[in-house]
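# Architecture at a glance
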Amino acid sequence: MLHTPSDLPIRSEHSSGDNDVFASLESDVRSYCRRFPRVFATAKGHLLTDEDGHAYIDFLSGAGVLNYGHNNDAITARVLDYMQQHGVIQGLDLHTTAKRDFLTTFETTILAPRHLNYKVQFTGPTGSSAVEAALKLARRLRPQRPIAAFTNAYHGMSLGALSATGDGPMRRASGVTLQDIVRLPFDGFFGDSVNTLSYIDALLSEPGSGVEAPAAFILETVQAEGGLKVASRSWLRGLAELARKHDALLIVDEIQTGCGRTGPFFSFEDTGIAPDIVCVSKSIGGIGFPMALVLMKDTLDAWRPGEHIGTFRGNNLAFVAATAALDTYWRDATFEQTTRRKGESIQARLQQMADRCPDGQARVRGRGMIRGLEWDNADIAMAVSAAAFKRGLIVETCGSREQVLKLLPPLTIDDASLAAGLDRLDDAVDDVYRSTEPQVAFRQSA
Ligand SMILES: *Cc1c(COP(=O)(O)O)cnc(C)c1O
């Protein structure tokens, strides 16, 4: 049974632990824990349980790491078994059975059925490590040219990846000039009436524009941290065309949208584009193990041995977990279909919530099971996130002003629990409108 922790103080008397150590010892840089100030002890499937036994429905999912839920049985069983047999855990880039199993399974379940001729580079284990490697490869293949990145992009925190990231405060925190990037407007940046592709093409074609043809474009098909901005399929196809025209590589950052988050394994599958380079991380490690990949068309594998290395490229537990996830969910199309179906039901519920908000204030955004609600007033999104937490639902905000509530339930969540989470969210939206705008008549659903 779920407890609804709405009326409990942040620190309960029954709390077994001491929270002061976080404030006194952990750096002020900590972030999510400020929004969701409990001490979590266990997790299973779509539930995160704090040390006092209150279970929260998790629509945060480690910001997209836990597509298969917490402590997924099919995956943990294989990991425990591997450890019991003393399988190699750290292997740098030595050949191991775990890595061979992963590569073979990735080839047969993901690449071959999609006719994708990619080679696989194991980078350091974070998404940023994959982005760094991808940018470096692009610059190596097209030297002396900048990288084109988009407004509201999020590609990570290391300096190269941060250069490609749009967020002002995060960029300023670096304290250096972030260089060798050309910033271009994402689909819809100037509103629906302006096609940013013509603007981009003009900039790159006109010799007087002052903008050089880039080595590569790097982009997300759905800008996740940037506010659930979805690139239309026609825009993506147009951009791929521009890349060809200007001899630039196309890098798709699938770190948050990949591993089935939008439905298909890769979010670009149903757009008709074939990226030259793909960055994969977050959910690829199955149960939250760090792992990252750069996929490159086989003709683009320009690396010489040892040119780009890293100690933690051989997280064999992640390989085992990744293989188990591919075996369990990606041998046929069932998982993709259920994700699409659940995505549609999330969309329908969010639309009902949006329709009940005073005129035009809330808009539904996203694709597949990365969806959310955007308000012009960022305070509302943040207040709904806080109200939802009181009702036992963990859901974060994103966007340049935190104006978008972002739902990332585990893809494996059952229908009843998904509905229960959405019910809590629905109630949280009510809570916020009742308390902040009593003067606005709140429309009850018909
Ligand atoms: C999370 C994320 C990254 C960075 O990954 P880290 O593991 O945090 O370094 C890069 N790109 C996208 C789209 C992401 O969502």
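Model, not experiment: these values are computed from the prediction.

### Details of the domain arrangement of the protein chain
Domain boundaries assigned for the protein chain yield domain 1 (17-67 + 334-440) and domain 2 (73-329). Centre-to-centre, using C-alpha coordinates, domain 1 lies 26 Å away from domain 2. Residue-level contacts link 31 residues of domain 1 with 25 residues of domain 2. Overall, the association of domain 1 and domain 2 removes approximately 2,400 Å² of surface from exposure, summing both partners, and the carbon and sulfur fraction of that is 50%. When residues of domain 1 are sorted by the area they lose upon contact with domain 2, Val-65, Arg-367 and Ile-370 head the list and together hold 29% of the total. The interface formed by domain 1 and domain 2 contains 3 salt bridges.

### Considering the site of the ligand
The local shell around the ligand consists of Thr-126, Gly-127, Ser-128, Tyr-154, His-155, Gly-156, Glu-220, Asp-253, Ile-255, Gln-256 and Lys-282. Ser-128 is positioned with one of its side-chain polar atoms (N or O) 2.6 Å from an oxygen atom of the ligand. Separating an oxygen atom of the ligand from a side-chain N or O atom of Gln-256 is a distance of 2.7 Å. Within the complex, 83% of the 380 Å² of free accessible area of the ligand lies under protein. Tallied by class, residues from the shell around the ligand come to 2 nonpolar, 6 polar and 3 charged.

### Overview of the sheet that holds strand E3 (residues 55-58)
Hydrogen bonds along the backbone pair up the strands of a sheet, which may run parallel or antiparallel. With mixed pairing, the 4 strands of this open sheet are ordered in space as E1-E2-E3-E15. Bordering the open sheet on either side are strand E1 (40-44) and strand E15 (393-394), each of which pairs with just one other strand. As paired elements, strand E2 (residues 47-50) and E3 share 3 bridges and run antiparallel to each other. Each residue of the ladder has a partner; that of Leu-47, found in E3, is Ile-57.

Analysis parameters
- Residues numbered from 1 in each chain as written.
- Predicted model: local features only at pLDDT ≥ 70, side-chain atom pairs only at ≥ 80, totals over all residues.
- Heavy atoms only, no water.
- Domains from an automatic or database assignment.
- Contact = heavy atoms within 4.5 Å.
- Buried area = accessible area lost by both parts, 1.4 Å probe.
- Salt bridge = Lys/Arg side-chain N within 4 Å of Asp/Glu carboxyl O.
- Near = heavy atom within 4 Å.
- Polar contact = N/O pair within 3.5 Å; in protein donor to acceptor, adjacent residues only side chain to side chain.
- Areas by Shrake-Rupley, 256 points an atom, 1.4 Å probe, with all protein chains shown as cover.
- Nonpolar A, V, L, I, M, F, W, Y, C, P; charged D, E, K, R; others polar.
- Pairing = 2+ DSSP bridges.
- Helix = DSSP H or I, 4+ residues; strand = E, 2+ residues; numbered from the N terminus.

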